[in-house]
Amino acid sequence: MKALKVMGTIDEQGQLALDYPLIAEKNSRVEVIVLIPEEELSEELSKSELLANFRQSWHEAMTGQTIPIDQVLNGLEDG
């Protein structure tokens, strides 16, 4: 499967309109993943919460509590 990153807008009817036409095989089916920014979420996190999250992640990385990248990628492909 080939991945393309494009931007677009969701209109009042919930239809997705891409900023530019896709350069791909015409009349083919595609799988679409829509990422919507959560501006409110980032504003809700305080600096202390962000720092606590970073410290926890850093601790896990330094103590070997990680997942090999191939397992992560396989999980994404299987999902």
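Residues numbered from 1 in each chain as written. Predicted model: local features only at pLDDT ≥ 70, side-chain atom pairs only at ≥ 80, totals over all residues. Heavy atoms only, no water.

Its location among the elements puts G8 in strand β1 (residues 8–10). For G8, a relative accessible area of 37% gives the class partly exposed. Considered as a pair, G8 and D19 are eleven residues apart in the sequence and their alpha carbons are 5.0 Å apart. Other than its neighbours up to four places away in sequence, G8 contacts L16, A17, L18 and D19. (Helix = DSSP H or I, 4+ residues; strand = E, 2+ residues; numbered from the N terminus. Buried < 20%, exposed > 50% of the residue type's maximum accessible area, 1.4 Å probe, protein only. Contact = heavy atoms within 4.5 Å.)

Another aspect to go through is the packing of aromatic side chains. Summed over the entire model, instances satisfying the criterion amount to one aromatic pair. Look at F54 and W58: their rings are 6.1 Å apart centre to centre, the planes differ by 20°, and that puts the pair in the stacked class. Highlighted residues: F54 and W58, both in helix α2 (residues 47–62), separated by four residues, approximately one helical turn. (Phe/Tyr/Trp six-rings, centres within 6.5 Å; stacked < 30°, edge-to-face > 60°.)

This part takes up α2. Under the 1.5 Å per step criterion, the end-to-end length of α2 is 22 Å for 16 residues, consistent within 8% with the ideal 22 Å. Backbone geometry just after α2 places G64 at a positive phi near 75°. (Expected span 1.5 Å × (residues − 1).)

Bringing the confidence of the model for the protein chain into the picture now. Mean pLDDT over the protein chain: 81, with 85% of residues reaching 70 or higher. For the protein chain, per-element mean pLDDT is lowest for helix α1 (residues 39–44), which scores 56, and highest for strand β2 (residues 16–18), which scores 91. (pLDDT = per-residue confidence, 0-100.)

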